[in-house]
Each structure stands twice: as structure tokens, then as C-alpha cells.
Amino acid sequence: MPPRTCALCNDARAILKRPKTGQQICKECFFYVFETEVHNTITEANLFKSGDRVAIGASGGKDSTVLAHVMKTLNERYSYGLELFLLSIDEGITGYRDDSLETVKRNQQQYDMPLKILSYDELYGWTMDAIVAQIGKKNNCTFCGVFRRQALDRGAAILNVDHIVTGHNADDIAETVLMNIMRGDIARLGRCTSICTQGEDTIRRSKPFKYAYEKEIVMYAYFKKLDYFSTECIYSPDAYRGHARAFLKDLEAARPSAIIDIIHSGEAFEVREDVKATQKSQQTCKRCGYMSSNELCKACTLLEGLERGMATAAVTDRARQKLDADGPSPGNLRTIPFFQLPASLQNPTTVETPP
Amino acid sequence: MLSTASLSNIRIVSYCLAHIQFLRNCFFPLTTHKFRRALEPNVNPKPDGPRKTALKPAGNLLVGFSGGLGSSVLVDLVHRCYVSLDKSTMPTEGGRDHPRHERVWKKITVCYIEVCDVFPGMTDKTEAVANLVSRYDELELVALRIRDAFDPSWWERVRGKPAFSEIGVSLADQALFMESLSHFRQDPLAALHTYFSSLPTPTAVHTSIQTLTRVLLLYTALHTGSSHLILGTSLTSLAVSLISGVAQGSGFNVREEMLEEWSPDPGVTEVPELWPEDGKRAQKLKRTVRIVRPLRDIGMKECAAWAWWSHIPVVGKEKWLWPGAKPGIGTLTKDFILGLEQDYPSTVSTIVRTCAKLQPKGEVDGKCILCGRPSQRGVQEWKARISIRSQPPPPPSAQRPLPIVEESPDHASLTPYLCYPCHTTLTSRSARPVSSPWPNTTQPSVVSLPMWTEARLSTTNKALAESNDEEVVRQRKLEQGEMKGIVDQFLLED
Ligand SMILES: [Zn+2]
Ligand SMILES: [Zn+2]
Ligand SMILES: [Zn+2]
Ligand SMILES: [Zn+2]
């Protein structure tokens, strides 16, 4: 059988079957379509403007390693005019982060981007190892999620950037759409497919890989010979998310477009106006200044629970009530430093440029 | 002392019996209440909340019957509540003269669509269905076959207008080019086999059966003067179809999956566009068919209990399978949701409750020519942007003139007339080899389209020839060349 020619350039020999479309294409065309689709995602959503300072949330895992590479490539190719930074969070899990942080440090050299590593220890006074030692291995992912999200924002504020990009890919988003429907999380369902989230006064946060298949990210890393570390959370992962992911993989095997079709669905509906009106509005945490839907943000609640030896406090409402019933928080509690937005984002109403 | 072992056993047994009796006594009124609560606010032309006033539908009632558990229970409920006026199903409030105690529907028709023609070796259950329906007086049965979708005589029977030319589509090509069928029209069964053996995935086979069935029911409703089409979708099956729909890209139609108002496209049917004068209403109403799922609050287990206690001989539905078929998205979703429901018992009701809080986002761009549901504007641009499928332009040095896109109707594409999920159904391929239900069918380059699609394409093409307005813009919007243009504008210059 003669070698197949690439379905895109009709010239070179096809060496791979594209997971997203099933087309048989050559390596160069694969790089081209992969990068161009990310570029289309960025331009269609007007994610950046020239001169923006953008932090890439870098974990050393495949998504963020490829993201750093693609962001640098596109920034140069299309003259986005962005100033790129790497921002890494060190959760303080012995033996788990060390290798991936090395990857990030190497990226800093290769891509010539400034790197900021922010540790849980320096921010919250607690490493994940210490948290696990106190509360055991259950419910840890609650800490992971809440602490990491806030840590990224705080790191971004320290770097004085306008924007954080993360490596969330199409599989992550499709899975989240399904989970939010099945769990009835209407607030998250409404926003989980938006490429960019920004509250009243938060740092813009976006997902340039929202249409990139996980398989293609791996393929890209493979052909570009980028090295990365697998960054599965070693503490109790979310069982429900595991079910959703397995289901998504089955759907993808039945019809590869399923991932993109789910994202399309998620973008084609929104929460009804009358339902939206009943949702909680955002405020800022009275203790640390971070955005929150309650008086105390989730991170502060979790932290207070840890400090007072009632670690499950923010995990269940009942535990939170117990915490409240136990009296006011003692004054000597370790707390998170007060959150300050980067200068450019303060008083957002005044940044409008005159005509 | 009476506390001997045997006595306490008797006590337990009699307690259980009493308890079952109690459950049973509550079960029927509760289930009937859920049925009425889901259907009756949607009976009057202007839907409203819980009501005490009279139910006055604009037309008759059509019950979609699949032979399965849900639709068997539905037929039984309809008969009790609206034909035999079973006292136990009546709401207690309002007394004897309550308006609900009158006849609501002038005529009730049950429509069964036999799908056995799609699968080799599947039994025809039409007779069993006829026997079941004949148990209920005053319910009339209309039995169709899924091949009727390709049958001009069925189309004529429901007063559809004949197509000007016979148009087919090439399913082998992602571009979905349309061609006029030069050969004589295939007989409906052959056309059905060709259509189904040309579909790219098992998912597409299942979804196409559902789409054809739904539209056959809608035209039957129109023809029988029905303003309402009700389906036996239980809470459980609704949750499954919502998730399965989301996984096939039909997020824009989440609302239609729960409650849908349909009217035929102008010019494809002889059925008048307005309901006849009613005398009580000030003006004539636009003729529509409202699809309601009155079992949407009743789970599969409750349906089974209803069928058991009411001695309904459920005909049953065979699995939609053929040799070598891998499970499609519908089957995978069903297995997944039923499994999840065991570990997280409120899953199905949460799914339905969540989806009820959603509304479509973005503009409507007409109705899909295949399924008749509203389609979202801009879906092809969206697809082209995020999954690049065509060749990058040659480098500037080797610039050749772009090929001129043929304007002849023979090379028009079906794509711009399709909604996202239907386009995906016809074009999205599997990574693994797919076995066809009819492997020995010779694969012609062009397959016939359902009668309503052909008729609508005819009216569109005629409009295209006669006028120069919006319809033309719509027709031309996504020629291949233009789709490529959308892609090209993002391409890098080397
Ligand atoms: Zn190529
Ligand atoms: Zn974790
Ligand atoms: Zn706080
Ligand atoms: Zn459609």
C-alpha cells in the first residue's frame, strides 16, 4: 500500500490521525492546525491587547508546559505584544512537586520568561503535607482546589499582571459541563464554558486551550519533544469527577467529536434570567479581601478550621455552623495576607481610554 | 403475654400487607396527580400555572406510542383520565361540577411507528400494539412504519406538498453536497436501508431513528387535527435523553427536549396554517403542535409499579442492535446514568431540574430542515474555527487563483440548512471501524432525504429562483468556498 498523503497539504506523508477530526495528516500540518486553532480561540474572544502582562499558570504538567510553548510561539508569530510570565504554585507535597518545579525552571531558561514560585507555606503557613498530617487523606482536594485558585490570583497580583492563562483543555471543560448538570451546580454551569472569567474586580483568567483535545496536547508535546511530568493529585481525588471522566472517554471512543459537541452544548445555553436573579452576588472576604460569596472566603474558612483543629469546617455546612457556635475566632490566628489587586486593575471604571 | 414468635410474625406480615395496601392507595392518586400537573398547565393555547378553569385545547390529542413501559403507562393514564373518567383519578378539589370532570379531548389518537425495518431480523410488533390499544375504547390507532419517512404516498396522505424535484445528499462527503436523483425513486424500504447504511456511526443510527420518528409523529399530529402530542418519556428517560443530547451538541435545544412547540414550514403542507374558527375565541389561532412529556416527574420504577398493579401487558421494545454494532452515545449515556443513579440516588431528578433552568443562548437561524427544531446561528463558522479541516493556502510565491465555486444547485450543500446536532449526526465519524446494519446494501453516491426535507428544499429553491431577499443570503451563506474563507482569514502569512 502506498503511503497516505496528508489530508491537509496533499503533499507530505500523513503520519498521524488527528484525534479531533480523524483526518490523517503530516506533522507540520498538525502543528499548524493545533496552533492556529488556539490562535483562533484567542482572537475570536479578544483575549489580549498589546502590552498586556500575562502570567501562565505553570505546573510542570503537560497542559501548562505545552501552553507556555504555544503562547510564546503565537506571541512571536502574530505579534500579540504580550509580556509573558510563568507562575507556579508549590503546594508543599514532598517528592511530588520537586520534579515538576524543575520542569518549570527549565522552561524559564528555554523560553526566557520570568518565573514566580509561590508556596502554600509562604501564603497560608501550611503545606499540603502538614494539612494531610492533621486531617488525614480525605477531602484534601477541597483544599487543593480552593488554595490553588487563590494562590494563582495572589501570585498574579505580586507579578502585577493583568491576566492569568491556565492549561485547562477541552476534555476538562466537557467533563465540567457534564458534572455541573449532573450535580445541579447551576452557577458553575453558567460560567464553565466561558473562555475568560472576570468578576467585578478580579484578574482576568482564561483558557486558550478550551478547544484543544488532551490527546492532541500530548501529541504536540511528543512531536515537539517537550518534557513534562504527570501531575495527578496524589491525595484523594474527586470520585465523582473520576466517573465523569471515564464516561467522557467512552463517549470520545464512540464518536471523537463528542468532546467538542459537549462544549458546544455548554455554549449554546445559559441560565434563565429569572433563575440568575436568585443567585448569590459576589462580595469580598472581610478577613483577606479576596472575592467571596460569603463573609469569609473559602480559603479563610478552611484555614481557620485548620488553625483551630476543626479542619472539615468549610467542607460541610454543619461543620461551619459548629465552628461559628464555638465562638469568635481567636486573635492569634494565622491568616492570609490582605489581597490587593494589581495597580492596573484598581478602580476599573477609570481605566477607560479617552476617545 | 402475646409476644410469641408466630404472633409477631403475623403482625409483621399483616402490617406489611396493610402498608402495601396503603402505598397502593396513595400511589395511584399521586401518580395521576404528577401526570396532570405536567400536562394540564400546557393544554390551553396559552400555557399557565395550576388552574381551576376549564381545559380547552385548540385541537385533538395524539399519543406517541413506542411499545415501551413509559408509553404503555401513558396510554393507560390518558384513557383513565380523559376517556373512562375514572373517579379515582379525579382531583378532589372543586366538587362534582369541577370543570375537569368534562371531556377535554374531542378525539384521541395513538400513533405507533414500527422501526423493525431498520434492523435485520427484528420482529414486527404492529399487531401486538394493535391488540393492546384495542383494549381501550375510543382510542384510535394509527400504525406507521419508519420507512414512511421516504414514502411519497405517506406524505400525500398527511397532505404534504410534493417536491418539485427529487433531491438527495452525498453522505460519503463531509461537505454534504446535494444532487438531484437522476435514477427513479427507490422504493421506501430500499431508500431507508440506503440512508441508514450510509450513516457514519451507531450513534447516528439511533439518533436518526429518533428524529425520523419524532417528525413522523408531528406530521401525523398535524393531519389528525391534534394540537398536542404527548410522549411517554419518564423522568429517567428524560434525564438520559438530556445528557445524551448535550453529548451530541444539542445544548441549544435543551428546552425543546422538555417542551416543544412545532409548526410545519410554510409551503410544505396543505393543512391550513390556522385553526378553524372556534366561536369562543376572538381570533383564529396559529396551528401548532405542542409536544408534552406528562411522565416527566414519574420515574421508571413508578412506571413499572403502575404497569404491574394495573395489569398492563407491556409489548416491549427490542434493543436497537445489529451484528458488530458498538454502543452509541445514547446507549452509553443510559448505562452511565442508571449506574450513577444507584450510587447517587437523586441524579436523574437533578439533571432534569438543572436543565429546566436553562434557556438557549444566541440567535435562532430558522428551523433545521431535517429535525424541524430551531437552529442556532453561526454554528458552521464555529466548527470551522475550532476544528480546521481544510488545507492552508499556498505560500504567496505560489499563489494560484482560487477555484471558482460552482453555483449550480447540484453543488449546493445541505449543511447550511442543518442544525448543529443534525450536521454532526450526518458528518461526525468514529475512530474505529463501523459495521452497517445492512452491509450488503450497495452504497450509492447519493441517498434520498426524508419527504419533509425534500419538500422544504423545493420551496427554498423555488424561493431562491423567484426572489432576491433574505432567503438567498441564507442559502448562500455557507458555500464551501465561504467556509474556507472563514478559515483563511486566520491563516498565517509565511
Ligand atoms: Zn500536511
Ligand atoms: Zn487534590
Ligand atoms: Zn478570605
Ligand atoms: Zn436538526
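Only a predicted model underlies this, so the values are computations on that prediction, with no experimental measurement involved.

### A few points about the overall build of chain B
Alright, step 1. A count of helical and extended segments in chain B gives 16 helices and twelve strands.
Alright, step 2. Considering chain B as a whole, with its 494 residues, one finds that 52% of them fall into the buried category.
Alright, step 3. Contacts in chain B between residues at least 24 apart in sequence constitute 80% of all its contacts with a sequence separation of at least 6.

### Describing unusual backbone geometry
Residue and element names in this part refer to chain A.
Alright, step 1. Even without being a glycine, Asn10 presents a positive backbone phi close to 55°.
Alright, step 2. Despite not being glycine, Lys225 shows a phi value in the positive range, around 55°.
Alright, step 3. By the element assignment, Lys225 lies in the loop between α9 (214-223) and α10 (239-254).

### Things to note about the interface of chain A and chain B
Alright, step 1. Taken together, the contacts link 53 residues of chain A with 54 residues of chain B.
Alright, step 2. When chain A packs against chain B, the two sides together hide about 4900 Å² of surface, and 63% of this comes from carbon and sulfur.
Alright, step 3. Where chain A touches chain B, the interface holds one salt bridge.
Alright, step 4. Measuring nitrogen to oxygen at the nearest pair gives 3.5 Å for the salt bridge that ties Arg385 of chain B to Glu44 of chain A.
Alright, step 5. Going through the elements one at a time, α1 (27-44), α7 (170-183), α8 (186-191), α10, α11 (258-268), β9 (269-271) and α12 (273-276) of chain A are the ones with two or more residues in the side of chain A that touches chain B.
Alright, step 6. Pairing analysis gives three bridges linking β9 of chain A to strand β9 (residues 358-360) of chain B, with the strands arranged antiparallel. Bridge pairing in β9 of chain B places Val271 of chain A opposite Leu358 of chain B.

### Thoughts on the packing of aromatic side chains
Residue and element names in this part refer to chain B.
Alright, step 1. Throughout the structure, instances matching the rule amount to 34 aromatic pairs over all chains.
Alright, step 2. With 5.9 Å between their ring centres and 25° between their planes, Phe119 and Trp322 make a pair best called stacked. Placement of Phe119 in the loop between β2 (108-114) and α3 (126-134) and of Trp322 in the loop between α9 (300-309) and α10 (329-343) is noted, with a sequence separation of 203 residues between them. Judged on exposure class, the residue Phe119 and its partner Trp322 are both buried.
Alright, step 3. Centre to centre, the rings of Tyr219 and Trp452 are 6.2 Å apart; their planes meet at 20°, and the pair counts as stacked. Taken together, the residues Tyr219 in helix α6 (residues 202-223) and Trp452 in helix α14 (residues 451-466) connect sequence positions 233 residues apart.

### A few points about the coordination of the zinc ion (ligand 3)
Residues and elements named next belong to chain A.
Alright, step 1. Protein coordination at the zinc ion (ligand 3): the donors are Cys285 (SG), Cys288 (SG), Cys297 (SG) and Cys300 (SG), at 2.2 to 2.4 Å from the metal.
Alright, step 2. Considering all four donor atoms around the zinc ion (ligand 3), the spread of angles at the metal, 105 to 116°, places the coordination shape in the tetrahedral class.
Alright, step 3. Taking relative accessible area as the criterion, Cys288 reaches 0% and is therefore assigned buried.
Alright, step 4. The exposure class assigned to Cys297 is buried, which follows from its relative accessible area of 2%.

### Some thoughts on α11 of chain A
Along an α-helix, residues three or four positions apart point the same way, because every turn accommodates 3.6 residues.
Alright, step 1. Within α11 of chain A, eleven of the eleven residues are buried, which leaves the element mostly enclosed by the surrounding structure.
Alright, step 2. Within α11 of chain A, burial applies to Ala258, Ile259, Ile260, Asp261, Ile262, Ile263, His264, Ser265, Gly266, Glu267 and Ala268 of chain A.

### Examining the UniProt feature "binding site: ATP" (unreviewed entry) in chain A
Residues and elements named next belong to chain A.
Alright, step 1. Sequence positions flagged by UniProt for "binding site: ATP" (unreviewed entry) are, in local numbering, Gly57, Ala58, Ser59, Asp63, Ile89, Gly167 and Asp172.
Alright, step 2. Relative to the helices and strands, Ser59 is located in the loop between β3 (53-57) and α2 (62-77).
Alright, step 3. Structurally, the position occupied by Gly167 is in the loop between β6 (163-165) and α7.
Alright, step 4. The contacts of Gly167, once residues within four sequence positions are left out, are Asp63, Leu67, Asp172 and Phe209.

### Observations regarding the coordination of the zinc ion (ligand 4)
All names here are of chain B.
Alright, step 1. Coordination sphere of the zinc ion (ligand 4), protein contribution only: Cys368 (SG), Cys371 (SG), Cys419 (SG) and Cys422 (SG), at 2.3 Å.
Alright, step 2. Bound by four donor atoms, the zinc ion (ligand 4) shows angles of 105 to 111° at the metal and therefore tetrahedral coordination geometry.
Alright, step 3. We note that the donor set of the zinc ion (ligand 4) lies within a single chain, spaced as C-x2-C-x47-C-x2-C. Highlighted residues: Cys368 in the loop between β10 (364-367) and β11 (374-376) and Cys422 in helix α13 (residues 420-427), separated in sequence by 54 residues.
Alright, step 4. The class for Cys368 is buried, based on a relative accessible area of 1%.

### With respect to the packing of α10 of chain A against α11 of chain A
The relative placement of two packed helices comes down to the angle between their axes together with the axis-to-axis distance.
All names here are of chain A.
Alright, step 1. One can describe the packing of α10 onto α11 by two numbers: an axis separation of 8 Å at closest approach and a directional angle of 115°. In terms of their interaxial angle, α10 and α11 are classed as roughly perpendicular. Contact with α10, carried on its side by Leu248, Leu251 and Glu252, involves Ala258, Ile259 and Ile262 of α11 and no other residues of that element.

### Let's talk about the sheet that holds strand β7 (residues 196-197) of chain A
Within a sheet, neighbouring strands are paired by backbone hydrogen bonds and run either parallel or antiparallel to one another.
Residues and elements named next belong to chain A.
Alright, step 1. Strand order in the open sheet formed by six strands is β5-β4-β3-β6-β8-β7, and the pairing between neighbours is mixed. Of all the strands in the sheet, just β5 (115-119) and β7 have a single pairing partner and so form its edges.
Alright, step 2. Judged from the three bridges that link them, β6 and strand β8 (residues 204-206) form a sheet pairing that is parallel. When the sheet's bridge partners are listed, Ile164 is paired in β8 with Arg205.
Alright, step 3. Running over the sheet, α2 touches β3, β4 (83-90) and β6 and is turned about 155° from β3.

### Concerning the sheet that holds strand β5 (residues 178-180) of chain B
Residues and elements named next belong to chain B.
Alright, step 1. Reading across from one edge, β5-β4-β12 is the order of the three strands in this open sheet, with antiparallel pairing throughout. A single partner strand is all that each edge strand has here, and the edge strands are β5 and β12 (447-448).
Alright, step 2. Pairing of strand β4 (residues 167-169) with β5 involves three bridges; the strand directions are antiparallel. Across the sheet, residue Val169 finds its bridge partner in β5, namely Met178.

### Considerations on the side chain of Thr109 of chain B
Alright, step 1. As for its position among the elements, Thr109 of chain B is in strand β2.
Alright, step 2. In this structure Thr109 of chain B comes out as buried when scored by relative accessible area, which is 0%.

### As for the pattern of salt bridges
Residue and element names in this part refer to chain A.
Alright, step 1. Going through the model one piece at a time under the given rule, you end up with 46 salt bridges over all chains.
Alright, step 2. Across the pair Glu214 and Lys249 runs a salt bridge, and its minimum N-O distance is 3.8 Å. With Glu214 in helix α9 and Lys249 in helix α10, this pair connects stretches of sequence that are 35 residues apart.
Alright, step 3. Overall, the relative accessible area of 15% leaves Glu214 in the buried class.

### Some details on the pairing of β4 of chain A
All names here are of chain A.
Alright, step 1. Burial analysis of β4 places six of its eight residues in the buried class, which makes it a mostly covered element.
Alright, step 2. Direction of pairing for β3 relative to β4: parallel, over a ladder of five bridges. Considered in β4, the bridge of Gly57 is made with Leu87.
Alright, step 3. Once the chain exits β3 it traverses α2 before rejoining the sheet at β4, and the crossover so formed is right-handed.
Alright, step 4. The pairing of β4 with β5 spans five bridges and is classified as parallel.

### Notes on the nonpolar core
Nonpolar side chains tend toward joint burial in soluble globular proteins.
Alright, step 1. Grouped together as the largest cluster of nonpolar side chains are 62 residues, with contacts concentrated most on Tyr219 and Leu414 of chain B.
Alright, step 2. Other than its neighbours up to four places away in sequence, Leu414 of chain B contacts Val169, Leu176, Met178, Ile369, Leu426, Leu449 and Leu457 of chain B.

Here is what the cut-offs are and how they apply
- Residues numbered from 1 in each chain as written.
- Chains lettered and ligands numbered in written order.
- Predicted model: local features only at pLDDT ≥ 70, side-chain atom pairs only at ≥ 80, totals over all residues.
- Heavy atoms only, no water.
- Helix = DSSP H or I, 4+ residues; strand = E, 2+ residues; numbered from the N terminus.
- Buried < 20%, exposed > 50% of the residue type's maximum accessible area, 1.4 Å probe, protein only.
- Contact = heavy atoms within 4.5 Å.
- Buried area = accessible area lost by both parts, 1.4 Å probe.
- Salt bridge = Lys/Arg side-chain N within 4 Å of Asp/Glu carboxyl O.
- Pairing = 2+ DSSP bridges.
- Phe/Tyr/Trp six-rings, centres within 6.5 Å; stacked < 30°, edge-to-face > 60°.
- Donors = N, O, S within 2.8 Å, 3.2 Å for Na, K, Ca; no water.
- Tetrahedral: all angles 85-135°; square planar, octahedral: opposite > 155°, others 65-115°.
- UniProt positions renumbered as here; feature names shortened; annotations may be inferred.
- Axes fitted to C-alpha atoms, helices over the stretch in contact; angles between N-to-C directions.
- Parallel < 35°, antiparallel > 145°, perpendicular 65-115°, else oblique.
- Right-handed = clockwise from strand over helix to strand, strands pointing away.
- Core = buried A, V, L, I, M, F, W, Y, C linked by side-chain atoms within 4.5 Å.

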